[in-house]
Amino acid sequence: MTFTFRPLDPLKDAELLHAWVTHPKAAFWMMQDATLVDVERAYMDIAADEHHHALLGLQNGDPAFLMEKYDPAHRELVGLYEPLPGDVGMHFLTPATDTPVHGFTKAVITAVMAHLFEDPAVDRVVVEPDVSNKAVHALNEAVGFVAEREIQKPEKKALLSFCTREQFLAATGVSA
């Protein structure tokens, strides 16, 4: 599967995103009760933030998933771990579908990681999924993440995990 990326347009993409983030299968995204305006505002805030970026992953030119990257020294993990130069934080969301494609989500996380490591300044990817999100823990492990410890964020208990460029290559065979 081949994916491309484009910056998210908070206004043009809000309706699509709203359907994705409010779906019951996106419970870990914590936007279940968000209105369309809430989603627009949230992504307008991200678009205006120099330390947080949202991208749409495209398959054959069509939106296929959401990816966010952030600077953990300034967002999400401030005070919860000691960031290193070259760290980048990441979130991704594959939308719910009635016709799942085997291997799609693993292909998505692999493409997201490769995209992040295309930046030579990125040495390590940091994630903080909910401790109870077993499916994403397995996906993270499959692309080279190593869990370090549980941390308490304001909104959840999270599993702080890291993946270096070398760990990603060893796990996937994909060089970025």
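Everything discussed here concerns the structure shown above.
We now turn to the structure provided with this report. (Residues numbered from 1 in each chain as written. Predicted model: local features only at pLDDT ≥ 70, side-chain atom pairs only at ≥ 80, totals over all residues. Heavy atoms only, no water.)

1. Digging into the pattern of salt bridges
Link 1 in the chain: Following the criterion strictly, the structure yields nine salt bridges and no others.
Link 2 in the chain: Here E128 and K153 are joined by a salt bridge, their closest N and O atoms 3.0 Å apart. Taken together, the positions of E128 in the loop between strand 5 (124–127) and helix 4 (134–142) and K153 in the loop between strand 6 (146–152) and strand 7 (157–164) put the pair 25 residues apart, joining distant regions of the chain. Take E128 and K153: they sit in the same class, and that class is buried.
Link 3 in the chain: A salt bridge links K153 to E155, with the shortest nitrogen-to-oxygen separation between them at 3.0 Å.
Link 4 in the chain: Beyond isolated ion pairs, a larger network of salt bridges with shared partners links E76, E128, K153, E155 and K156. (Salt bridge = Lys/Arg side-chain N within 4 Å of Asp/Glu carboxyl O. Helix = DSSP H or I, 4+ residues; strand = E, 2+ residues; numbered from the N terminus. Buried < 20%, exposed > 50% of the residue type's maximum accessible area, 1.4 Å probe, protein only.)

2. Focus: the environment of M1
Link 1 in the chain: Relative to the helices and strands, M1 resides in the segment before strand 1 (4–7).
Link 2 in the chain: Residue class for M1 comes out exposed when judged on its relative accessible area of 52%.
Link 3 in the chain: Note: C-alpha distance between M1 and E150 (149 residues apart in sequence) is 33 Å.
Link 4 in the chain: Excluding residues within four positions of it along the chain, M1 makes contact with Q59, V101, H102, G103, F104 and A107. (Contact = heavy atoms within 4.5 Å.)

3. So, the sheet that holds strand 4 (residues 87–93)
Link 1 in the chain: Taken in spatial order, the seven strands line up as 1-2-3-4-5-7-6 in an open sheet, and their pairing is mixed. Each edge of the sheet is formed by a strand with only one pairing partner; in this case those strands are strand 1 and strand 6. Across this sheet, the average inter-strand angle for adjacent strands is 30°, counted without regard to direction.
Link 2 in the chain: Here four bridges tie strand 1 to strand 2 (residues 52–59), and the two strands are oriented antiparallel to one another. (Pairing = 2+ DSSP bridges. Axes fitted to C-alpha atoms, helices over the stretch in contact; angles between N-to-C directions.)

4. Some words on the pairing of strand 4
Link 1 in the chain: Within strand 4, seven of the seven residues are buried, leaving the element largely enclosed by the surrounding structure.
Link 2 in the chain: Here strand 4 shows no split at all, with D87, G89, H91 and L93 on one side and V88, M90 and F92 on the other all buried.
Link 3 in the chain: Note that strand 3 (residues 62–70) and strand 4 share five bridges and pair antiparallel. Considered in strand 4, the bridge of K69 is made with M90.

5. Topic: the packing of aromatic side chains
Link 1 in the chain: The tally for this structure, following the rule as stated, stands at five aromatic pairs.
Link 2 in the chain: An angle of 50° between the planes, with centres 5.4 Å apart, marks the rings of Y81 and F162 as tilted. Of the two residues, Y81 sits in the loop between strand 3 and strand 4 while F162 sits in strand 7, which places them 81 residues apart along the sequence. Summarising the burial analysis for this pair, Y81 and F162 share the class buried.
Link 3 in the chain: Between F117 and F168 the ring centres are 5.7 Å apart and the planes differ by 35°, which places this aromatic pair in the tilted class. In this pair, F117 is assigned in helix 3 (residues 104–117) and F168 in helix 5 (residues 165–172), connecting sequence segments 51 residues apart. The burial state of F117 is the same as that of F168; both residues are buried.
Link 4 in the chain: Through a chain of ring-to-ring contacts, the aromatic side chains of F3, F5, F65 and F104 assemble into a single cluster. (Phe/Tyr/Trp six-rings, centres within 6.5 Å; stacked < 30°, edge-to-face > 60°.)

6. Some words on the environment of A114
Link 1 in the chain: Relative to the elements of secondary structure, A114 occurs in helix 3.
Link 2 in the chain: In this structure the C-alpha to C-alpha distance between A114 and S175, which are 61 residues apart in sequence, comes to 7.1 Å.
Link 3 in the chain: Setting aside anything within four residues of it in sequence, one finds A114 in contact with F168, V174 and A176.

7. Observations regarding helix 3
Link 1 in the chain: If you check helix 3, its first and last C-alpha atoms are 20 Å apart, about what 14 residues at 1.5 Å a residue would give, namely 20 Å.
Link 2 in the chain: Burial of helix 3 is extensive: 11 of the 14 residues sit out of reach of the surface.
Link 3 in the chain: Taken as a whole, helix 3 has its buried residues at F104, A107, V108, I109, T110, A111, V112, M113, A114, L116 and F117. (Expected span 1.5 Å × (residues − 1).)

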